[in-house]
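# Reading the structure
So you can see what is in the structure, the chains are spelled out below.
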Amino acid sequence: MSNLNSKSSPWNELDYYKEGQPIYGRDDEIWKISNAINQNLQTILYGQSGIGKSSLLFAGVFPRLRQSAYFPVFIRLGMFLNKEYANVIIDEVINEAQRIDQQIGKLRINIKERNVEDSLGIRNDENLKLWWFFNTTEFVNDFGEPYVPILVFDQFEE
């Protein structure tokens, strides 16, 4: 994680539970958030800083989503101020897929670009780059079973 505890950033970065660490007493919240994500195209989780939203996501919700064939990707856009957001999102999705492939073996995600002709130049159009990526990429495990990417944007105040 980056060091945001500097004079240029007024928000202190709190340490949070990581995936695989047990989080106790939050089963009801984990179930409700996981269910909301499963039933909705967009889910917003907000609250006061420091109450455990990121811990809840990492230690509780993300493992549950993975069991339901979702592929959660945690993205903090404020850490990439000099890059196009479309590139940041694509890079973070690929990085997370590689991390899972290396560390969590049983949930291998293979990103395979489909053979789709780009006759309109969409691939290089900044406004359509995310559309191109998510419509020409398969997120599957080693058995060919699909995974649904879930983009989780955090720390909007940065």
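See above for the structure.
Residues numbered from 1 in each chain as written. Predicted model: local features only at pLDDT ≥ 70, side-chain atom pairs only at ≥ 80, totals over all residues. Heavy atoms only, no water.

## A short note on the packing of helix α1 (residues 27-39) against helix α2 (residues 53-67)
Closest axis-to-axis distance for the α1/α2 pair is 9 Å, and the angle between their directions is 55°. If you check the angle between α1 and α2, you find them oblique. The handedness of the crossing between α1 and α2 is right-handed. Across from Glu29, Ile30, Trp31, Ile33, Ser34 and Ile37 in α1, the residues of α2 making contact are Leu56, Leu57, Gly60, Val61, Arg64 and Leu65. The residue inventory of the contact of α1 with α2, partitioned by class, reads eight nonpolar, two polar and two charged. (Axes fitted to C-alpha atoms, helices over the stretch in contact; angles between N-to-C directions. Helix = DSSP H or I, 4+ residues; strand = E, 2+ residues; numbered from the N terminus. Parallel < 35°, antiparallel > 145°, perpendicular 65-115°, else oblique. Left-handed = near helix turned anticlockwise from the far one by under 90°. Contact = heavy atoms within 4.5 Å. Nonpolar A, V, L, I, M, F, W, Y, C, P; charged D, E, K, R; others polar.)

## Here we look at unusual backbone geometry
In the Ramachandran plot, Ala69 falls in the positive-phi region, its phi being about 65° despite a non-glycine side chain. Tracing the sequence through the fold places Ala69 in the loop between α2 and β1 (70-75).

## Considering the pattern of salt bridges
The final tally for this structure, using the stated rule, is three salt bridges. A salt bridge links Glu96 to Arg66; the shortest N-O distance between them is 3.3 Å. A residue pair is termed long-range when its members are at least 10 positions apart, and Glu96 in helix α3 (residues 85-103) and Arg66 in helix α2 qualify at 30 residues. Among the charged side chains, a salt-bridge network with shared partners connects Arg66, Glu96 and Arg99. (Salt bridge = Lys/Arg side-chain N within 4 Å of Asp/Glu carboxyl O.)

## Side note on the packing of aromatic side chains
On inspection of all chains with the given rule, the structure shows six aromatic pairs. Taking the centre distance of 4.6 Å and the plane angle of 55° together, the rings of Phe58 and Phe74 count as tilted. Of this pair, Phe58 sits in helix α2 while Phe74 sits in strand β1, and the two are 16 residues apart along the sequence. Between Phe133 and Phe139 the ring centres are 6.2 Å apart and the planes differ by 75°, which places this aromatic pair in the edge-to-face class. The buried category is assigned to Phe139, whose relative accessible area is 6%. The rings of Phe71, Phe133, Phe134 and Phe139 are connected pair by pair, giving a single aromatic cluster. (Phe/Tyr/Trp six-rings, centres within 6.5 Å; stacked < 30°, edge-to-face > 60°. Buried < 20%, exposed > 50% of the residue type's maximum accessible area, 1.4 Å probe, protein only.)

## Quick look at α1
Here α1 contains 13 residues, and its C-alpha end-to-end distance of 18 Å stays within 8% of the 18 Å for a straight helix at 1.5 Å per residue. Of the residues making up α1, those classed as buried are Ile30, Ile33, Ser34 and Ile37. All buried residues of α1 lie within an arc of 100° about the axis, which places them on one face of the element. Considering only its buried residues, α1 is in contact with α2 and β4 (148-153). (Expected span 1.5 Å × (residues − 1). Arc of directions from axis to C-beta.)

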